[in-house]
Amino acid sequence: MAKAISNLFKKTVTDSFLFKDSELETISVQLKEKVDKVFGRSLAIRELDTGSDNSTEIELNNLSTPYYDVERFGVSFVASPRHADVLIVTGAITRNMEIAAKKTYDAMPAPKFVVAVGDDACGCGILNNSYAVLGGADKIFKVDLKIPGNPPSPREILKGLLALINAIEKGQKN
Amino acid sequence: MTLKEELKKLFGQKLELAAGQNNELYLPLTEAELQKAIKNMAENSFELVSLFCVENFAEKGFTLFYAFEKSGFEEMLVLQTLLSGNHAVSIAKTFPSACWYEREVTDGFGVEFQDAFDTRRLFLHETYPSDFHPLLKSFKNAKVETATPNNQNQYLFKQVEGEGVYQIPVGPVHAGIIEPGHFRFSVIGETVFNLEVRLFYKHRGLEKLAEGMKPQECVRIAESISGDETAANAVAFCTAVEKICGLVVPKRALQLRTIWLELERIYSHLGDLAGMCVDVAYPVGASPFFILREEIFRQNDALTSSRFLKGIITVGGLTKAVPEGVLENLSLYLLSFSEKLNAATGIDSTYFSVIDRFETTGKVKEEILSPLHITGPVARASGKMTDTRINHPYGLYTELKLKGQTQQNGDVLARFNLKAAEVLDSVKIIQRIISELAGGEVSAPCQIKDGYALSIVESPRGQNIHWVQIKNGLLDRYKVRTASFCNWQAMEHAVLGNIVPDFPLINKSMNLSYAGTDM
């Protein structure tokens, strides 16, 4: 008991983490506002890899690391498609993933939105002539927004999400 | 002793080698001779490094290549045999790692292996027609009909039966931001009794796509094999082409390439260190690694305009020079790097709840390393000193004379400590190269010639091997085997006897690439 109480007064073991990134701050303030307004303070994203080279997943994962930490703005990556508002598709749709990809989309409740992230998912990659892929995400989904890049940086992905929410707010997407 | 002398002992005076590049010995054999030679290889502790097929190599028909290495020899041995038809004899009973290769050859070329113990399809899943073989020269890359999955073409998993045994199917779509793959656990209570990994959901047909491309264009294919092995695969591919064309890459380009390779290892290992902490519910411990990793990504971006070092490496050197002042910044940044890393690993690797989960978890036993050709940190953490940078030095590593790291226990903790130590080594390598950096050009003019060559590099995950054949100035066959392709089979062994909730941790500690396996 004494030990537990003394723990309360110990010096913190975490270091303060100082960095300033004004561009990121501007994007994130807007993003937070829009998520609050349009998505009732919580935007849930399900990521679906349909055949990427794994760099796009790394950048999406980076969004949850200390430099970006998007949960601060109400954006979270969820484990089940049943909890998701947005499906982020990375990579070209491979034949071997086609069925699983469709099932994932079907499991999402409406209204739902699809965002293609990375050149291959946007249909502008190098794989289109391969027997093994169907093409970009728009071959099997109605894609609401494309964020190209090989891969796009976390910052570009955030800008893309902001653009999506703006379009939804204006009623351009449904 | 050279490998040639060793082979003379094994094969007697009959030894007739085909033309090959530096450090590669090609030995053409008849099908019958090959079977004898395979036994010979196994008895003399050669390790199967790769097995692949080429159509219309020197003569019409299918030629199989069996690449071997033996510890203590820098050279690689490649046995080649021309098949009289589309049948061969399986060597999987002698070299278990051949199982996946043979299934791959059957899918790609329709070559069937007698006595194979597993004849299921590998990278072609149920929706591909049954008589479809994409790597045949007669198949011109185009979309093919879709077959419907049914009872006949269904993929059958191993069935484990008994009281209380049940199966847990996981994937291909997983709960996090992870690549797709299917894991079939057979479990008793909480303990894993058997695991079968089914991959290739991300099969993108990269090898076929490369055929007919100009070597310079194909670097882009090499880079997209696995995004976080961009530099390793680009260097491997370019080295093979440079060998074929007899190109001499300028010293400065070799040095900078080595910096990219080590930066890649640093950010990759940092991601694993962080991931292991996250998977034992210790995000505070993960944060310092994530912060350092993001900083390395930003250094990459400043150096090459790509956070993943894409588009900088090309045949003959680099596509562009490094901007002024950026290398100095990197060098300054690295001064305080090791201290920060040590502070983080010091806390994590002694924290009781972390140790409780890391220690004795996911043990990779020493006896499976050679039969399955396990390489990279997974092998080194189990006590085997295998590192391509040291065993088969290439590029600048021929001069650097590195000493490798090993750990003995083979569990998650060993892999954690090993990766932390390797990051520190990589930092030292980069600092040393920057201090010795040569001036001058970063690319040599390149004249593409015809021929074939093999090239191996140490990616963050282990040994990647590329085999390139150029005909009429264009790629005729491009075969890649990444470390993950072999190391996935270690996973099936490492989880046995562990509880299911430890699987994500074991998976993260090995950090295998799905994209790099599925190709």
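Just so it is clear, the model here is predicted, and its values are computed rather than measured.

Another aspect to go through is the interface of chain B and chain A. Between chain B and chain A, the contact holds 40 residues from the first and 39 residues from the second. Breaking the side of chain B that touches chain A down by element, the ones donating at least two residues are helix H4 (206–210), helix H5 (215–223) and helix H8 (283–304) of chain B. No other element matches the five residues that H8(B) contributes to the side of chain B that touches chain A. Considered class by class, the residues forming the side of chain B that touches chain A number 19 nonpolar, eleven polar and ten charged.

So, on to the packing of helix H6 (residues 230–245) of chain B against helix H7 (residues 251–279) of chain B. Residue and element names in this part refer to chain B. Where H6 contacts H7, the axes come no closer than 8 Å and their chain directions differ by 145°. Between H6 and H7, the residues in contact are Thr230, Ala231, Ala232 and Val235 and Arg257, Trp260, Leu261 and Glu264, respectively. Considering only residue class, the contact of H6 with H7 consists of five nonpolar, one polar and two charged.

We now examine the sheet that holds strand S8 (residues 182–188) of chain B. Residue and element names in this part refer to chain B. Spatial strand order, S7-S8-S9: three strands in an open sheet with antiparallel pairing. What marks the edges here is a single partner per strand, and that holds for strand S7 (165–170) and strand S9 (191–198). Pairs of neighbouring strands in the sheet enclose a mean axial angle of 20°, with direction left out of account. Where S7 meets S8, six bridges bridge the pair, whose relative direction is antiparallel. Residue pairing across strands places Gln167 opposite Ser186, the latter belonging to S8.

All right, on to the environment of B:Gly404 then. All names here are of chain B. By the secondary structure assignment, Gly404 is in the loop between helix H14 (397–400) and helix H15 (412–435). Remark: the alpha-carbon pair of Gly404 and Asp387, spanning 17 residues in sequence, is separated by 7.1 Å. When sequence neighbours within four positions are dropped, the list of residues in contact with Gly404 reads Arg380, Met385, Asp387 and Ile390.

Our focus in this paragraph is the domain arrangement of chain B. Residue and element names in this part refer to chain B. Domains assigned within chain B are domain 1 (3–114), domain 2 (165–198) and domain 3 (214–483). Looking at the side of domain 1 that touches domain 3, the elements with two or more residues in it are strand S2 (47–55) and strand S4 (76–82). Ranked by residues supplied to the side of domain 1 that touches domain 3, first place goes to S2 with six residues. For the side of domain 1 that touches domain 3, the residue count by class is eight nonpolar, four polar and three charged.

This part takes up the nonpolar core. Of all hydrophobic cores here, the largest spans 197 residues; its most connected members are A:Val89, A:Val115, B:Leu77, B:Val78, B:Phe237 and B:Val468. Take this core: its biggest share by element is 15 residues, from H7(B).

Definitions and cut-offs
- Residues numbered from 1 in each chain as written.
- Chains lettered and ligands numbered in written order.
- Predicted model: local features only at pLDDT ≥ 70, side-chain atom pairs only at ≥ 80, totals over all residues.
- Contact = placed C-beta atoms within 7 Å.
- Helix = DSSP H or I, 4+ residues; strand = E, 2+ residues; numbered from the N terminus.
- Nonpolar A, V, L, I, M, F, W, Y, C, P; charged D, E, K, R; others polar.
- Axes fitted to C-alpha atoms, helices over the stretch in contact; angles between N-to-C directions.
- Pairing = 2+ DSSP bridges.
- Domains from an automatic or database assignment.
- Core = buried A, V, L, I, M, F, W, Y, C linked by C-beta atoms within 7 Å.
- Buried ≥ 20, exposed ≤ 12 C-beta atoms within 10 Å, placed from the backbone.

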